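Tertiary structure, described
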Amino acid sequence: MEYRTVIMYVEIGCFVSCLCGWILVCSTLPTEYWTFSEVGSLVLTTANYYSNLWRDCISDTTGVSDCKDYPSMLALPVYLHALRALAVSSVITGFFGGVLTLIGMKCTKIGGTEITNARVTFSAGITYLASGFCGMITYSWWANRVITEFVDPNFKGRRFELGAAVFIGWGGSILLISGATVLTYFSGKEGLLSRSWKGPRRPASYATVRTRQTYMQPPSSSRVTLVPSLYYSDRRSQTTRGTTRTAPIQSRDTIV
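Just so you know, the residues in each chain are numbered from 1, in the order the chain's sequence is written. Given that the model is predicted, a residue must reach a pLDDT of at least 70 before its local features are reported, and side-chain atom pairs must reach 80 or more before they are shown or counted; all residues, however, enter totals for whole chains, interfaces and linings. Note that water and hydrogens are dropped before the side-chain values are worked out from all heavy atoms of the structure.

Going along the chain from the N terminus, every DSSP run of H or I of four or more residues is numbered as a helix, and every run of E of two or more is numbered as a strand. If you tally the helices and strands in the protein chain, you get seven helices and eight strands. Evaluated residue by residue, the protein chain yields a buried proportion of 29% over its 256 residues. By the convention used here, residues are in contact when the closest approach between their heavy atoms is within 4.5 Å. Across the protein chain, contacts joining residues at least 24 apart in sequence account for 56% of those joining residues at least 6 apart. Using a 1.4 Å probe, accessible areas were evaluated by the Shrake-Rupley method; residue-level cover was limited to the displayed protein chains. Here the protein chain has roughly 17000 Å² of accessible surface; of this, 63% comes from carbon and sulfur atoms. Summary of the burial criterion: residues with accessible area below 20% of their type's maximum are buried, those above 50% are exposed, and those between are partly exposed, where the area comes from a 1.4 Å probe applied to protein chains only.

What follows is the structure, given as structure tokens:
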């Protein structure tokens, strides 16, 4: 199996993992079961309190339930505003991560060249990582506050426990982070490191070529071409050769 085919299947697996994690994170936002508390006043009547980032709800064994939004947004504590912002950021970045992944995957052939697709996929992996970490911070911060209030002996309010939505959000965040990590590694290895391996070479200029040809030393076994002798008025002749060497000038009287 070719390397490109293997990378294509890896990208598909990472995309499915991130997509499932993003769907799980999105499903927790409208769910009220982030925390719950069960209060039993009578044998046949039990009240259940549960809440999330947006509202508080109550239900009993008779089937009657009622939910109420938080009355004032400005009166909410700071941590609740931060958790809302992180949760919404996780959903938005996950959406754009999916769009970039669909553009840059090798099986879609939308992005362009191989290096361009790899860089787009690398950007998608970074976006998915941001989505996963935003979700993980949201659910961990919420769980830490609930556990701290539950184990605090001086806390006078109603004690809540962790709901199912927190665990679902943890699972979705783990899928996002794991899939995005693998996707970022392989796409970055192909798209970013290829620039340093196969960088553009500077073409040789005309002056460089002429310089190499002009000053290139002839091999030792080169053939010497004789040129007809040149005669001068003082009866001396000079034999010029094709090489840079010059034959010694001798007088004709000496030869005779």
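Alright, that's what it looks like, and here's the rest.
Our next topic: the layout of surface pockets. If you add up the space inside the largest pocket, you get close to 370 Å³. As for the largest pocket, its lining consists of 18 residues, of which Ser51, Asp56, Tyr70, Tyr79 and Phe160 are closest to the centre. Per-element accounting of the lining of the largest pocket gives the leading share, four residues, to helix α3 (residues 114-151). Taken together, the residues of the lining of the largest pocket break down into 12 nonpolar, two polar and four charged. The pocket and cavity definitions rest on a 1 Å grid over protein atoms only: a 1.4 Å probe that fits but cannot leave marks a cavity, an open set with protein on both sides within 12 Å along at least five of seven lines marks a pocket, and residues lining either have an atom within 4 Å of a point. Grid points are joined across faces, edges and corners, and a volume is the space filled by probe spheres set on the points. For this classification, the nonpolar set comprises Ala, Val, Leu, Ile, Met, Phe, Trp, Tyr, Cys and Pro, the charged set comprises Asp, Glu, Lys and Arg, and every other residue, Gly included, is treated as polar.

Between Lys or Arg on one side and Asp or Glu on the other, a salt bridge is scored when a side-chain nitrogen of the former is within 4 Å of a carboxyl oxygen of the latter. On inspection of all chains with the given rule, the structure shows three salt bridges. Here Arg55 makes a salt bridge to Asp69, at a shortest N to O gap of 3.4 Å. With Arg55 in strand β3 (residues 55-60) and Asp69 in strand β4 (residues 65-69), the pair connects residues that are 14 residues apart, well separated along the chain. Judged by relative accessible area, Arg55 falls into the partly exposed class, the value being 29%. For Asp69, a relative accessible area of 46% gives the class partly exposed. In this structure, a network of salt bridges that share partners links the residues Glu32, Arg55 and Asp69.

Before going further, it helps to spend a moment on the nonpolar core. In this structure, Trp34, Leu53, Leu80, Tyr128, Trp142, Val166 and Leu176 are the most contacted members of the largest nonpolar core, which totals 26 residues. At the level of elements, α1 (3-28), α2 (78-104), α3 and α4 (164-191) are the ones that each hand at least two residues to this core. Counting residues per element, this core draws most heavily on α3, at six residues. Aside from chain neighbours lying at most four places away, what touches Leu53 is Trp34, Tyr70, Leu80, Leu83, Arg84, Ala87 and Trp142. Residue types Ala, Val, Leu, Ile, Met, Phe, Trp, Tyr and Cys, when buried and joined through side-chain atoms within 4.5 Å, form a set referred to as a nonpolar core.

This part covers the environment of Ser90. Checked against the element boundaries, Ser90 lands in helix α2. Through-space distance from the C-alpha of Ser90 to that of Leu129 is 9.5 Å; in sequence the pair is 39 residues apart. Setting aside chain neighbours within four positions, we find Ser90 in contact with Trp22, Val25, Ser131, Cys134 and Gly135.

Next up on the list: the pairing of strand β2 (residues 46-51). It is a general feature of regular strands that their side chains alternate between the two faces of the sheet. Any two strands between which DSSP finds at least two bridges are classified as paired. As defined by bridge partners, β2 adjoins β3 across five bridges and the pair is classed as antiparallel. Following the sheet pairing, Tyr49 is matched in β3 by Ile58. Where β2 folds back onto β3 in an antiparallel hairpin, the turn is made up of three residues.

Topologically, Thr184 is positioned in helix α4. Polar side-chain contacts of Thr184 include one of 2.6 Å to the backbone oxygen of Ala180. Beyond its immediate chain neighbours, meaning those up to four positions away, Thr184 contacts Phe122, Gly125, Ile126 and Leu129. Identification of polar contacts relies on pairs of N or O atoms within 3.5 Å, with a donor-acceptor requirement for protein atoms, meaning one able to donate a hydrogen and the other able to accept it, and with residues adjacent in sequence counted only if both atoms are side-chain atoms.

Attention now moves to the packing of α3 against α4. Lines fitted to C-alpha atoms define the axes here, with helix axes fitted over just the stretch in contact, and angles between the N-to-C directions of these axes take values from 0 to 180 degrees. Relative orientation of the contacting elements α3 and α4 amounts to 155 degrees, with a least axis distance of 7 Å. Judged by the angle between their axes, α3 and α4 are roughly antiparallel. Read as a crossing pair, α3 and α4 show a hand that is left-handed. Residue composition of the contact of α3 with α4, by class: 19 nonpolar, 13 polar and three charged. We call two directions roughly parallel when the angle between them is under 35 degrees, roughly antiparallel when it is over 145, roughly perpendicular when it lies between 65 and 115, and oblique otherwise. Rotating anticlockwise by less than a right angle from the far helix to the near helix defines a left-handed crossing, while the corresponding clockwise rotation defines a right-handed one.

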